[in-house]
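Residue-level structural notes
Chain by chain, the residues:
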Amino acid sequence: MTDTEQRVARLEQRLQALEDEAEIARLISSYGPLVDSGSADAVAALWEPDGVYDVDTGRLSGHDEIVAMVHSKAHQRLITAGCAHVIGLPHVTVQGEQAVATCHSQLIVNHENTGGFTVLRVTANHWELRRSAKGWRVTRRTNRLLDGRHDSPELLASGMRRTP
Amino acid sequence: MTDTEQRVARLEQRLQALEDEAEIARLISSYGPLVDSGSADAVAALWEPDGVYDVDTGRLSGHDEIVAMVHSKAHQRLITAGCAHVIGLPHVTVQGEQAVATCHSQLIVNHENTGGFTVLRVTANHWELRRSAKGWRVTRRTNRLLDGRHDSPELLASGMRRTP
Amino acid sequence: MTDTEQRVARLEQRLQALEDEAEIARLISSYGPLVDSGSADAVAALWEPDGVYDVDTGRLSGHDEIVAMVHSKAHQRLITAGCAHVIGLPHVTVQGEQAVATCHSQLIVNHENTGGFTVLRVTANHWELRRSAKGWRVTRRTNRLLDGRHDSPELLASGMRRTP
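Conventions and cut-offs
Residues numbered from 1 in each chain as written. Chains lettered and ligands numbered in written order. Predicted model: local features only at pLDDT ≥ 70, side-chain atom pairs only at ≥ 80, totals over all residues. Heavy atoms only, no water. Helix = DSSP H or I, 4+ residues; strand = E, 2+ residues; numbered from the N terminus. Buried < 20%, exposed > 50% of the residue type's maximum accessible area, 1.4 Å probe, protein only. Areas by Shrake-Rupley, 256 points an atom, 1.4 Å probe, with all protein chains shown as cover. Lys, Arg positive; Asp, Glu negative; His and termini not counted. Charge placed at Lys NZ, Arg CZ, Asp CG, Glu CD. Contact = heavy atoms within 4.5 Å. Least-squares fit on C-alpha atoms with pLDDT ≥ 70 in both. Buried area = accessible area lost by both parts, 1.4 Å probe. Salt bridge = Lys/Arg side-chain N within 4 Å of Asp/Glu carboxyl O. Pairing = 2+ DSSP bridges. Axes fitted to C-alpha atoms, helices over the stretch in contact; angles between N-to-C directions. Parallel < 35°, antiparallel > 145°, perpendicular 65-115°, else oblique. Polar contact = N/O pair within 3.5 Å; in protein donor to acceptor, adjacent residues only side chain to side chain. pLDDT = per-residue confidence, 0-100. Expected span 1.5 Å × (residues − 1). Bend = angle between axes of the 7 residues up to and from the residue. Phe/Tyr/Trp six-rings, centres within 6.5 Å; stacked < 30°, edge-to-face > 60°. Lys NZ or Arg CZ within 6 Å of the ring centre and 35° of its normal. Nonpolar A, V, L, I, M, F, W, Y, C, P; charged D, E, K, R; others polar.

**Remarks on the overall build of chain A**
In terms of regular secondary structure, chain A is built from five helices and seven strands. The N-to-C order of helical and strand elements in chain A reads α-α-β-β-α-α-β-β-β-β-β-α. Within the span of chain A, comprising 164 residues, buried residues form 57% of the whole. Here chain A displays about 7,000 Å² of accessible surface, and carbon together with sulfur accounts for 50% of that area. One finds the centroid of the 18 positive side-chain charges in chain A at a distance of 2 Å from the centroid of its 21 negative side-chain charges.

Following this line, the structure appears as structure tokens:
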């Protein structure tokens, strides 16, 4: 290889690394708008077909259970009242064909009476992702409420120990 | 073209795509700090001269109306009391010379009595942008309160249907 | 230089600029998960050894004082009760070997009695960073509560005046 070819090959690697991080952040940024608009199929499609969404309130396995959660009375009632699943700035670490991302999320709901909003849940998020033929997809997302239980801080710490 | 020239041309395209997304996210990230510091002209300059800021509380058209909103008694009272316009992680889709971005935003205000803070508004944000000679500028930003009204979830969904 | 070599050199510069911004955003995104999990040494390592964390509640100087803050009874009590230091979308401006970043941050705490969450603090953040041999590090982070005091809006504005 010539010197220029080597520099081009290095640029391709570095650009790919940035593109991976940007695509994963973009996937994570889409969860809130999709779930708050009841876009059930598009929410599920963020996960691999056998992906898991493990929340302290229950464990969803595969696309059908994720779709059912979005269609559930409990979730539809949140949308009807007015709700926002606000996803925090993700910390993304890519390791080859796999990645982890760590962030907070908030569930904020409207108060029919006061017109104001209440922060109902604040959650530690740990995302595990895999590069698929269709792009990055979630294999497991683990959410634990930050209410003093021990596994929530531990979940935040676990994603930060990874090095690229 | 040689093989190396083709790879360089492809790198230039891919890098431009990342730069566009980063510039748009950076523009969006500047709204909160600018409006919370009363930087009226800099807030308005995020929009095209004929750009529109369409909020459920009113529709602002062009730089002068946006400047007037920042200078208004209502907004100055928010700053004096203590306020934060917190912009969520944006989901950006660029299509040539145009782009859309979707995110949540929160208006959080200080309580003079308790010393704590109240989430006054949580809003669906739909940004439409255009590449101008000076860089990306907002042509229309549409905000709707997430209080159960039907157009807010629809607004979130509309930005997610775009594909790059 | 040939035309291709010039294009490669220009690509290297542009990619470096994006990588710098991404690395700084990633550093900032790590603060919340690290401090909420009590990862004291990793929190301190975001700063230069002589870096300063200047908060309206006190001024920490150097790694030892930052570690001591994370280990303090007050901070450990927050973790035990359930807390989230949610960092907003940063606006990053790199100027050679230095950078500034501006964002909001929120401290949200769990209510033992109600099970809900309260926004205890909303803060203007001004980060100053330096490129070191180990990557970007914080030289000074200045936080001021957005409770109506004059220096908080001024702090937000100061980071936005920088041009790359």
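**Looking at the side chain of B:Arg14**
Here B:Arg14 is to be found in helix H1 (residues 3-36). If we skip the residues at most four places from it in the chain, B:Arg14 touches A:Glu12, A:Leu15, A:Gln16 and A:Glu19.

**Some points on the relation of the copies chain A and chain B**
Superposition of chain A onto chain B requires a rotation of 120° combined with a translation of 0.0 Å along the rotation axis, giving an RMSD of 0.0 Å. The symmetry that links the two subunits is that of a three-fold axis. Among all residues of chain A, the minimum C-alpha distance to the rotation axis is found for A:Leu89, at 3.7 Å.

**As for the interface of chain C and chain A**
With 41 residues of chain C at the interface, the matching set in chain A holds 28 residues. Summed over both partners, the interface of chain C with chain A comes to about 2,600 Å²; 66% of that surface belongs to carbon and sulfur atoms. Contact with chain A buries area across many residues of chain C, yet C:Leu15, C:Arg26 and C:Phe117 alone supply 26% of it, more than any other trio. At the surface where chain C touches chain A, the tally comes to two salt bridges.

**Here's the deal with the pairing of strand E1 (residues 47-55) of chain C**
All names here are of chain C. With seven of nine residues buried, E1 is to be regarded as a mostly interior element. Where E1 meets strand E7 (residues 135-145), five bridges bridge the pair, whose relative direction is parallel. Its bridge partner being in E7, Val 55 is matched across the sheet by Asn 143. Pairing of E1 with strand E2 (residues 58-61) involves four bridges; the strand directions are antiparallel. Among the inter-strand pairings, Val 52 is bridged to a residue of E2, identified as Ser 61. Linking E1 to E2, which pair antiparallel, is a turn of two residues.

**Regarding the environment of B:Gly82**
Its location among the elements puts B:Gly82 in the loop between helix H4 (73-81) and strand E3 (83-87). Counting along the chain gives 60 residues from B:Gly82 to B:Thr142, while the straight-line C-alpha distance between them is 25 Å. For B:Gly82, the contacting residues outside a window of four places in its chain are B:Ile108, B:Val109, B:Asn110, C:Leu146, C:Asp147 and C:Gly148.

**Brief notes about the packing of helix H3 (residues 62-71) of chain B against H4(B)**
For any two helices packed against each other, the geometry is given by the interaxial angle and the distance between the axes. All names here are of chain B. Two elements in contact, H3 and H4, have axes separated by 5 Å at closest approach and are oriented at 45°. Taken together, the axes of H3 and H4 lie oblique to each other. Taking contact as the criterion, the partners of Met 69, Val 70 and His 71 in H3 are, on H4, Lys 73, His 75 and Gln 76.

**A closer look at the interface of chain A and chain B**
Contacts between the two partners involve 41 residues from chain A and, on the opposite side, 28 residues from chain B. Of the roughly 2,600 Å² buried between chain A and chain B, counting both surfaces, carbon and sulfur atoms make up 66%. Linking chain A to chain B there are two salt bridges. With its nearest N and O atoms 2.7 Å apart, the salt bridge here joins B:Arg14 to A:Glu19. Our count for the contact surface shared by chain A and chain B stands at six residue pairs in polar contact (both at pLDDT 80 or more).

**With respect to the confidence of the model for chain A**
Scored by pLDDT, chain A comes out at a mean of 96, with 99% of its residues at no less than 70. Confidence metrics for the complex model read pTM 0.97 and ipTM 0.96.

**As for helix H1 (residues 3-36) of chain A**
All names here are of chain A. Taking 1.5 Å per residue as the helical rise, H1 with its 34 residues ought to reach 50 Å, and the 51 Å between its terminal C-alpha atoms agrees with that figure. The largest bend along H1 reaches roughly 25° and is located at Ser 30, with the proline Pro 33 sitting one to four residues downstream. Gly 38 lies just past H1 and shows a positive phi near 65°.

**With respect to the packing of aromatic side chains**
Pairs of aromatic rings are described using the distance from one ring centre to the other and the angle between the two planes. Residues and elements named next belong to chain A. Applying the stated criterion to the full structure yields nine aromatic pairs over all chains. Relative to Tyr 53, the ring of Trp 47 has its centre 5.0 Å away and its plane inclined at 35°; by these criteria the two rings are tilted. Cluster of aromatic residues (ring-pair linked, three or more members): Tyr 31, Trp 47 and Tyr 53. In this structure, Arg 141 is placed above the aromatic ring of Tyr 31, and the distance from its NZ or CZ to the ring centre is 4.2 Å.

**Let's talk about the packing of helix H3 (residues 63-71) of chain A against helix H4 (residues 73-81) of chain A**
All names here are of chain A. Axis separation between H3 and H4 bottoms out at 5 Å; the angle between their running directions is 45°. With respect to each other, H3 and H4 are oriented oblique. Counting all contacts with H3, which are made through Met 69, Val 70 and His 71, the residues of H4 involved are Lys 73, His 75 and Gln 76. Looking at the contact of H3 with H4 residue by residue, the classes come out as two nonpolar, three polar and one charged.

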